[in-house]
Every structure is written in structure tokens, then in C-alpha cells.
Amino acid sequence: QQQVKQSPQSLIVQKGGISIINCAYENTAFDYFPWYQQFPGKGPALLIAIRPDVSEKKEGRFTISFNKSAKQFSLHIMDSQPGDSATYFCAASSRVQAGTALIFGKGTTLSVSS
Amino acid sequence: EAGVTQFPSHSVIEKGQTVTLRCDPISGHDNLYWYRRVMGKEIKFLLHFVKESKQDESGMPNNRFLAERTGGTYSTLKVQPAELEDSGVYFCASSPRQGKTYEQYFGPGTRLTVT
């Protein structure tokens, strides 16, 4: 049973466009929702994260939107650039239990065309 | 500050052989995790160390996998004997002992291919 569902599996966006990746979770005990960015041959790098006490968090061109009632969160990449082409993973865990494992979505491969 | 390092970056072995993967966490990080991504699937948790103690090994697939963290520094993950389904990318991650203990930083991974 997959606890974090991510969509779409792949995404092609034109340079300057908005990339949107969606995730849904099931476990209401989750209270930490990070997004990781992975380039080929590299490990996942922490990009941005949100807690459920806020509905939105913005860092530069990256924004997380969070809907607690729907148990959904999404990553928006504004003004997408070719350098943003990578695989993006959403994840969830519980901060209360220190060291709790991250539960990942299956990943979204983003290609930004120039 | 150096990041999480893993060795080797790639390993190709035959079914039945043994392979040992190594992870060096960020200095001072007491929490160390192992994850695995099989092609096309999600990154899945294998186990979690706090210093040298196994805190959670619920994700370990079977007893062919043995993880150690002697001295609470680097960790090794041994697969013996390797099977075809063990192929995938093995990631190590670490997080600090205090403060944002939930922020996990990943290494570049070891790609294991079992033929």
C-alpha cells in the first residue's frame, strides 16, 4: 500500500512556464512534507519543506501548497528553467518521532524545454 | 561541511556473490539511514541507526542484508548472497542529533547491479 502518491510520472514544460507536481498522503500522523530534487548521477537533495500548520511556503521560484483537509500538497516551479530538469520526489514523515523514515512518492521526471 | 559520501558509486556482481556498501554520514550526524530505489519504484526505507544502535530495521527485505555502524561513524550494508532482485540504487542519508533531526541529507547513492 503506497502511502504517498505522486503525479504526474513525467512532465514536459516550456521554459518560463509553471511546473506543478502533486502528492497525496494517507497517514494523518505525517507532519513534515519535504520535496527532494535529484539530478542524474546525484543523490536526492532537499529542496523545500513544509509543515501542516501553514498552507504555503515559498523559496525563490519554488512554492509548496498544502491542503491539510484534502491530505494533499503540491510543488510549483515558477518561471521553469532548463536547469530545473530533474526528478522530483515528494515525501512525508513525522517530526514528533525523531528519526522517522521518510515515505517517498514514486518521483516525477521534469523536462524543461528551451 | 562535507556531505554524505558513499562507496562504491557502482557495483556489478553476479548472483550469489557478496557486496558491501559503505556510507560516511555528515560529521556529527548521529542519525543514519539506508534507503533503496528499485528501478521505476519509490525510494524505500531500509533501516535507521542512532549512533551505533539500530533504531528501526523494519524495511530490511530479508536476512541476506546486514547493516552495521561500528563506533557510530560510518556504516556498511552487506548483501550476502546477492539475488537479482537486489539490483537498484542504495542511498544513505543522515540527520543531526538535535534541532532539525527530521531533515535528512542524502548521499549520491551506490548503483548495484546483480547479474
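The structure under discussion appears in the preceding block.
Residues numbered from 1 in each chain as written. Chains lettered and ligands numbered in written order. Predicted model: local features only at pLDDT ≥ 70, side-chain atom pairs only at ≥ 80, totals over all residues. Heavy atoms only, no water.

Brief notes about the overall build of chain A
Applicable threshold: Helix numbers and strand numbers start at the N terminus; a helix is a DSSP run of H or I with at least 4 residues, a strand a run of E with at least 2. Our radius of gyration is a C-alpha quantity, and the globule rule it is checked against amounts to 2.2 Å times the number of residues to the power 0.38. A simple rule labels every residue: compare its accessible area, found with a 1.4 Å probe on the protein chains alone, to the largest value its type can have, and call it buried under 20%, exposed over 50%, or partly exposed in between. Contacts: residue pairs with any heavy atoms within 4.5 Å of one another.
Broken down by element type, chain A carries zero helices and eleven strands. Put simply, chain A runs from its N terminus to its C terminus through helices and strands in the order β-β-β-β-β-β-β-β-β-β-β. Taking 13 Å as the expected radius of gyration for a compact globule of 114 residues, we find that chain A reaches 14 Å, a close match to that expectation. Based on the C-alpha atoms only, the size of chain A along its principal axes is roughly 45 × 30 × 25 Å. Counting all 114 residues of chain A, 45% fall into the buried class. Counted over contacts in chain A with a minimum sequence separation of 6, partners at least 24 positions apart contribute 54%.

Re the interface of chain A and chain B
Short version of the rule: Two parts placed together each lose some accessible area under a 1.4 Å probe, and adding up what both lose gives the buried area. What counts as a salt bridge is simple: a side-chain nitrogen of Lys or Arg found within 4 Å of a carboxyl oxygen of Asp or Glu. Whenever a nitrogen or oxygen atom comes within 3.5 Å of another N or O atom, the pair is scored as a polar contact, on the condition that within protein one atom can donate a hydrogen and the other can accept it, and that pairs from neighbouring residues in sequence are kept only if both atoms are in side chains. Polar here means any residue other than Ala, Val, Leu, Ile, Met, Phe, Trp, Tyr, Cys and Pro, which are nonpolar, and Asp, Glu, Lys and Arg, which are charged; Gly is therefore polar.
At the junction of the two partners, chain A supplies 19 residues and chain B supplies 18 residues. When chain A packs against chain B, the two sides together hide about 1600 Å² of surface, and 61% of this comes from carbon and sulfur. There are zero salt bridges connecting chain A and chain B. Here chain A is connected to chain B by four residue pairs in polar contact (both at pLDDT 80 or more). Grouping the constituent residues of the side of chain A that touches chain B by class yields nine nonpolar, six polar and four charged.

Section: the environment of histidine 48 of chain B
All names here are of chain B. Locating histidine 48 in the fold gives a position in strand β5 (residues 43-50). A relative accessible area of 1% means that histidine 48 is categorised as buried. Along the backbone, histidine 48 and threonine 70 are 22 residues apart, and their C-alpha atoms lie at a distance of 14 Å.

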